[in-house]
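Residue-level structural notes
Read off the chains here:
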Number of protein chains: 2
Amino acid sequence: MAASETEVTTVATQPAESGADLTRSRLIDAARKAFGEKGFHATTTRDIASAAGLSPAAVYVHHRTKEDLLYAISRAGHEEILADMRAAIAGAADTPGKLEAVIYAMVLRHTREYATARVVNYELDGLSAQHREDIEKLRAQIQGIVRRLLRAGTAEGSFTVDDVRITSNAIVAMAIDAARWYRPATDPAPERIASHHARMALRMVSAAE
Amino acid sequence: MAASETEVTTVATQPAESGADLTRSRLIDAARKAFGEKGFHATTTRDIASAAGLSPAAVYVHHRTKEDLLYAISRAGHEEILADMRAAIAGAADTPGKLEAVIYAMVLRHTREYATARVVNYELDGLSAQHREDIEKLRAQIQGIVRRLLRAGTAEGSFTVDDVRITSNAIVAMAIDAARWYRPATDPAPERIASHHARMALRMVSAAE
């Protein structure tokens, strides 16, 4: 993505945003970048402050710890994907179309915004127990959306699924994992990878392509 | 798995094993358990020593750092999967059968030995740059095996694959991810999960089931 471009756009279109919100956006943006490059554990609050052009003390005013920053990034990332999935479902006519659109949307975001997606998905062990639990609830909602589609398609006779939970785990795993392996310099465009995954998901439930 | 049971069996059937090898086995076993429970970053050398019933100084005699222990565990885990995959290929008659057997073997080990598999696959950022590079070479071999099968099946006309790299990434991702979500108390038996994944892999390449 351009995590920073997104932030800048958001700020530009919200002229009423306060100075505190602006600082908070800059911090979250700097943390996302630092976690993506060095990993959560190797990143220090000082690294984040310096990337945001702030003093370490300023970090503590807005977020007590780097864990709070990770939580803010992870929550926003999961809520964004849930919104994408709901929009995809609303825009498709039938169950196979909905599954196809949901996986397309997930993979599109996980490849386009792969740097953020890596932090959102692969640094979860940096979260406190309470925050981890909150994030797991969002992840359960993501699985819930896919499972409901698999059950609906099976009931209608458009899908053949041996085990809804296992199939849903596998489909979501392959969609998220695109963020890990995707290399913008050498891989096909995100749209092509997203279509490919959507087609594989339909094949996994034996739906006509 | 029972990582510890495996170790004990190995030791018992190799009476010539030296005291140093025995200590090394105990240390690797204790580290595997500690990394699995607390994560690599949160585990201290003292935790490992204490779990192995040794003094922290004894750890340094056999492995300079906990990173060395992680590397030993990760390397052994990857080599084990490669051996499983090669045995699966050797035991199957045709390309669809080989793909099915390879995915079955991968998922069987990633569910049966899920605790070890989580350390092997999800703690890679604890490795030094050189060790990480060694492990990435083993991971490339795993992908290489799947890609060669996809190419062979496509050439023979038994598979329909749009993009060998993307399809192979997705198949391997879903196989490895079984270690993350598998819960022995509530999930079907590893053999059933392995069969289910093998069938999904065949569907993903549009092979007749």
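Residues numbered from 1 in each chain as written. Chains lettered and ligands numbered in written order. Predicted model: local features only at pLDDT ≥ 70, side-chain atom pairs only at ≥ 80, totals over all residues. Heavy atoms only, no water.

1. Considering the interface of chain A and chain B
Where we set the bar: Any two residues whose heavy atoms approach within 4.5 Å are treated as being in contact. As used here, buried area is the combined drop in accessible area, with a 1.4 Å probe, of two parts when they are placed together. Should a side-chain nitrogen of Lys or Arg be within 4 Å of a carboxyl oxygen of Asp or Glu, the pair is scored as a salt bridge. Residues adjacent in sequence count toward polar contacts only when both atoms are side-chain atoms; beyond that, a polar contact is any pair of N or O atoms within 3.5 Å, and within protein one must be able to donate a hydrogen and the other to accept it. Under the DSSP-based scheme used, a helix requires at least four consecutive residues in state H or I and a strand at least two consecutive residues in state E, with every element numbered from the N terminus.
With 26 residues of chain A at the contact, the number on the chain B side is 26 residues. Taken together, the two surfaces of chain A and chain B that pack against each other cover about 2,500 Å², and 53% of this comes from carbon and sulfur. Summed over the shared surface of chain A and chain B, the number is six salt bridges. Between A:Arg192 and B:Asp163 there is a salt bridge; the shortest N-O distance is 3.1 Å. The interface formed by chain A and chain B holds 16 residue pairs in polar contact (both at pLDDT 80 or more) in total. Residue assignment for the side of chain A that touches chain B shows that the elements contributing at least two residues are helix H9 (164-181) and helix H10 (190-204) of chain A.

2. A look at the environment of A:Ile171
Residues and elements named next belong to chain A. As for its placement among the helices and strands, Ile171 is situated in helix H9. In sequence terms Ile171 and Ala194 are 23 residues apart; their C-alpha atoms lie 13 Å from each other. Residue contacts for Ile171: discarding those within four places in its chain leaves Ile103, Leu150, Ala201, Met204 and Val205.

3. A few points about the packing of helix H6 (residues 95-112) of chain B against helix H9 (residues 164-181) of chain B
Residues and elements named next belong to chain B. This is how the line gets drawn: For every element, the axis is a line fit to its C-alpha atoms; helices are fit only across the contacting stretch, and the angle between N-to-C directions ranges from 0 to 180 degrees. Just so you know how the angles are binned, under 35 degrees is roughly parallel, over 145 roughly antiparallel, 65 to 115 roughly perpendicular, and the rest oblique. The crossing is said to be left-handed when, going from far helix to near helix, the turn is anticlockwise and less than a right angle, and right-handed when the turn is clockwise. We call Asp, Glu, Lys and Arg charged. Ala, Val, Leu, Ile, Met, Phe, Trp, Tyr, Cys and Pro are nonpolar, and the rest, Gly among them, are polar.
Across the interface, H6 lies against H9 with an axial gap of 6 Å and an inter-helix angle of 25 degrees. Taken together, H6 and H9 sit at an angle that is classed as roughly parallel. Our pair here, H6 against H9, has a crossing hand that is right-handed. Only Ile171, Val172, Ala175, Ile176, Ala178 and Ala179 of H9 make contact with H6, whose side of the interface consists of Ile103, Met106, Val107, His110 and Thr111. A breakdown of the residues in the contact of H6 with H9 according to their chemical character gives nine nonpolar, two polar and no charged.

4. Looking at the pattern of salt bridges
Summed over the entire model, instances satisfying the criterion amount to 26 salt bridges over all chains. Measuring nitrogen to oxygen at the nearest pair gives 2.8 Å for the salt bridge that ties B:Asp177 to B:Arg180. Placement of both B:Asp177 and B:Arg180 in helix H9 is noted, with a separation of three residues, approximately one turn of the helix. Salt bridges sharing partners connect three or more residues here, namely A:Glu80, A:Asp84, A:Arg109 and A:Glu113.

5. Some points on the environment of A:Ala178
Residues and elements named next belong to chain A. Applied cut-off: Per-residue accessibility, obtained with a 1.4 Å probe over protein chains only, is compared with the maximum for each type, and a residue is labelled buried under 20%, exposed over 50%, and partly exposed between these values.
As for its placement among the helices and strands, Ala178 is situated in helix H9. The exposure class of Ala178 is buried, given its relative accessible area of 0%. Spatially, the C-alpha atom of Ala178 lies 16 Å from that of His78, the residues being 100 residues apart in sequence. With sequence-adjacent residues up to four places away left out, Ala178 is seen in contact with Val107, His110, Thr111 and His197.

6. As for the environment of A:Thr23
The residue A:Thr23 is located in helix H2 (residues 19-38) in this model. Once residues lying within four places of it in the same chain are set aside, the contact partners of A:Thr23 are A:Leu54 and A:His62.

7. Details of unusual backbone geometry
All names here are of chain A. Look at Ser206: it is not a glycine, yet its phi comes out positive at around 55 degrees. Inspection of the secondary structure puts Ser206 in the segment after H10. Its relative accessible area of 31% is what places Ser206 among the partly exposed residues.

8. Details of the confidence of the model for chain A
All names here are of chain A. The test is simple: Confidence of the predictor at the level of single residues is given by pLDDT, which spans 0 to 100.
Averaged over every residue, the pLDDT of chain A is 89; the share at 70 or more is 91%. The least confident element of chain A, judged by mean pLDDT, is helix H1 (residues 3-13) at 38; the most confident is helix H6 (residues 95-112) at 98. This model gives residues 1-15 a pLDDT under 50, and the stretch forms 16 contacts once residues within four places in sequence are excluded. Note on the complex model: pTM 0.85, ipTM 0.83.

9. Some words on the side chain of B:Thr111
Residue and element names in this part refer to chain B. As for its placement among the helices and strands, Thr111 is situated in helix H6. Using a relative accessible area of 0% as the deciding quantity, one classes Thr111 as buried. At a separation of 2.7 Å, a polar atom in the side chain of Thr111 contacts the main-chain carbonyl oxygen of Val107.

10. Some points on the relation of the copies chain A and chain B
What counts here: Residues reaching a pLDDT of at least 70 in both copies supply the C-alpha atoms on which the copies are superposed by least squares.
Relative to chain B, chain A is turned by 180 degrees and slid 0.0 Å along the rotation axis, the superposed coordinates differing by an RMSD of 0.0 Å. Such a combination of turn and shift is consistent with a two-fold rotation axis. When the interface residues of chain A are mapped onto chain B, 100% of them are again interface residues, pointing to one common binding face.

11. Some thoughts on the packing of aromatic side chains
All names here are of chain A. Inclusion rule: When the centres of two rings from Phe, Tyr and Trp lie within 6.5 Å, Trp using its six-membered ring, the rings pair. Their planes under 30 degrees apart give stacked, over 60 give edge-to-face, and anything left gives tilted. Only when the NZ of Lys or the CZ of Arg is both within 6 Å of the ring centre and within 35 degrees of the ring normal is a charge said to sit over the ring.
Taken as a whole, this structure holds four aromatic pairs over all chains when the rule is applied. Ring centres of Tyr114 and Tyr182 lie 5.6 Å apart, and the angle between their planes is 70 degrees; this geometry places the pair in the edge-to-face category. Taken together, the residues Tyr114 in helix H7 (residues 114-122) and Tyr182 in the loop between H9 and H10 connect sequence positions 68 residues apart. Residue class for Tyr114 comes out partly exposed when judged on its relative accessible area of 23%. We note Lys66 situated over the ring of Phe40; from NZ or CZ to the ring centre the distance is 4.2 Å.

12. So, the domain arrangement of chain A
Residues and elements named next belong to chain A. Note the following rule: Domains are outlined according to an automatic or database domain assignment.
As far as domains go, chain A holds domain 1 (18-63) and domain 2 (65-204). When each unit is reduced to the centre of its C-alpha atoms, the spacing between domain 1 and domain 2 is 27 Å. Contacts between domain 1 and domain 2 engage 14 residues on the former and 13 residues on the latter. A combined buried area of about 1,300 Å² lies between domain 1 and domain 2, and 72% of that area is made up of carbon and sulfur atoms. Inspection of the region where domain 1 meets domain 2 yields zero salt bridges. Linking domain 1 with domain 2 are four residue pairs in polar contact (both at pLDDT 80 or more). Where the side of domain 1 that touches domain 2 is concerned, the elements lending two or more residues are H2 and helix H3 (45-52). No other element matches the six residues that H2 contributes to the side of domain 1 that touches domain 2. Looking at the side of domain 1 that touches domain 2 residue by residue, the class counts come to seven nonpolar, six polar and one charged.

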